[in-house]
Amino acid sequence: MNISKHIEYTLLKPTTTEREIIDLCYEAIQNDYYGVCINSSYVALAHQLLENSPTKVCSVVGFPFGAMSTDAKVFEAKKAIEDGAEEIEMVINLGFLKSKNYVSVLKDISDVKMAIGNTTLKVILEISELNKNEIIKACEICLDANVDFIKTSSGFSKGGATLTATKIIKKTIKDAAKITASGDIEDLETSMKYLEVGVHRIGFNALLNKKTKKARHIS
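Because the structure is a prediction, the values reported are computed rather than measured. (Residues numbered from 1 in each chain as written. Predicted model: local features only at pLDDT ≥ 70, side-chain atom pairs only at ≥ 80, totals over all residues. Heavy atoms only, no water.)

A. Looking closely at the side chain of Ser154. With respect to the helices and strands, the residue Ser154 is situated in the loop between strand E6 (149-151) and helix H7 (163-173). Side chain to side chain, Ser154 and Glu126 meet in a polar contact 2.6 Å long. Separated by 3.0 Å, the side chain of Ser154 and the backbone nitrogen of Phe156 make a polar contact. When near neighbours in sequence (up to four residues on either side) are disregarded, Ser154 contacts Phe63, Pro64, Ile124 and Glu126. (Helix = DSSP H or I, 4+ residues; strand = E, 2+ residues; numbered from the N terminus. Polar contact = N/O pair within 3.5 Å; in protein donor to acceptor, adjacent residues only side chain to side chain. Contact = heavy atoms within 4.5 Å.)

B. Structural view of the side chain of Glu8. With respect to the helices, strands and loops of the structure, Glu8 is situated in strand E1 (residues 7-11). Reaching out from Glu8, the side chain makes a polar contact with the side chain of Lys122 at a distance of 2.8 Å. Apart from the residues lying within four places of it in its own chain, the contact partners of Glu8 are Tyr34, Gly35, Glu87, Glu89, Lys122, Lys151, Thr180, Arg201, Ile202, Gly203 and Phe204.

C. Representation of the sheet that holds strand E5 (residues 120-124) within the structure. Ordered in space as E1-E2-E3-E4-E5-E6-E7-E8, the eight strands form a closed barrel in which the pairing is parallel. With direction set aside, neighbouring strand axes in the sheet form an average angle of 25°. Bridge count between strand E4 (residues 87-91) and E5: five bridges; the pairing is parallel. Pairing of Glu87 across the sheet is with Thr120, part of E5. (Pairing = 2+ DSSP bridges. Axes fitted to C-alpha atoms, helices over the stretch in contact; angles between N-to-C directions.)

D. Spatial organisation of helix H6 (residues 132-144). An ideal rise of 1.5 Å per residue puts 18 Å on 13 residues; H6 measures up with 19 Å between its terminal C-alpha atoms. Within H6 the residues assigned to the buried category are Glu134, Ile135, Ala138, Cys139, Ile141 and Cys142. The arc enclosing the buried residues of H6, seen along the axis, measures out at 160°, which places them on a common side. Facing away from the buried side of H6, by more than 90 degrees, are the exposed residues Lys132, Asn133 and Asp144. The inward-facing, buried residues of H6 abut helix H4 (94-98), helix H5 (102-116), E5, E6 and H7. Taking the backbone nitrogen of Asn133 as reference, a side-chain oxygen 3.1 Å away marks Asn131 as the first, capping residue of H6. Positive phi shows up at Asn146, right after H6, with a value of about 60°. (Expected span 1.5 Å × (residues − 1). Buried < 20%, exposed > 50% of the residue type's maximum accessible area, 1.4 Å probe, protein only. Arc of directions from axis to C-beta.)

Printed below as a string of structure tokens:
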């Protein structure tokens, strides 16, 4: 199975250089990946590099902690779209969620969704910080906010995707939204396991390609 169109090629480290973004975009085109996922400061550059290709530009906002104000997330999301982002990926406010302040969690997500209109919105849950009930509740809130994708992890916390948590997400949302599995997925065999349980996209860290060359093996 060719799964290249399921791959979101990701580079989000704070020390990322312009040269690395250029390489990221070139490799995404070369391997026919679905898109690249980058910090908002590099959206304009990536858009320029990818505008004549089918590869999408996804920008993270409120990354990696999700603890900034909703207004800040909204501003960053709108600016990213202005710069050429075709998808927005925001981090859920974990503090609000763990405080059981579900109204604020919903407002945080809904305000971003309303601000970006028909642009695809993905919400990162950071499953390594959540128990089963919190994952379920977060998914329910995401559905209430009409998000397009739920993503497992940012790659900047204690752990990445797990099949157990991904199955919980899938059981909760069914087909009302799609799933991106990200973090600790390094090869074809692991990627296939996630696709088999209903994942639509795989977040693959471009740094692994530099270190292990496995990214090319899953395309």
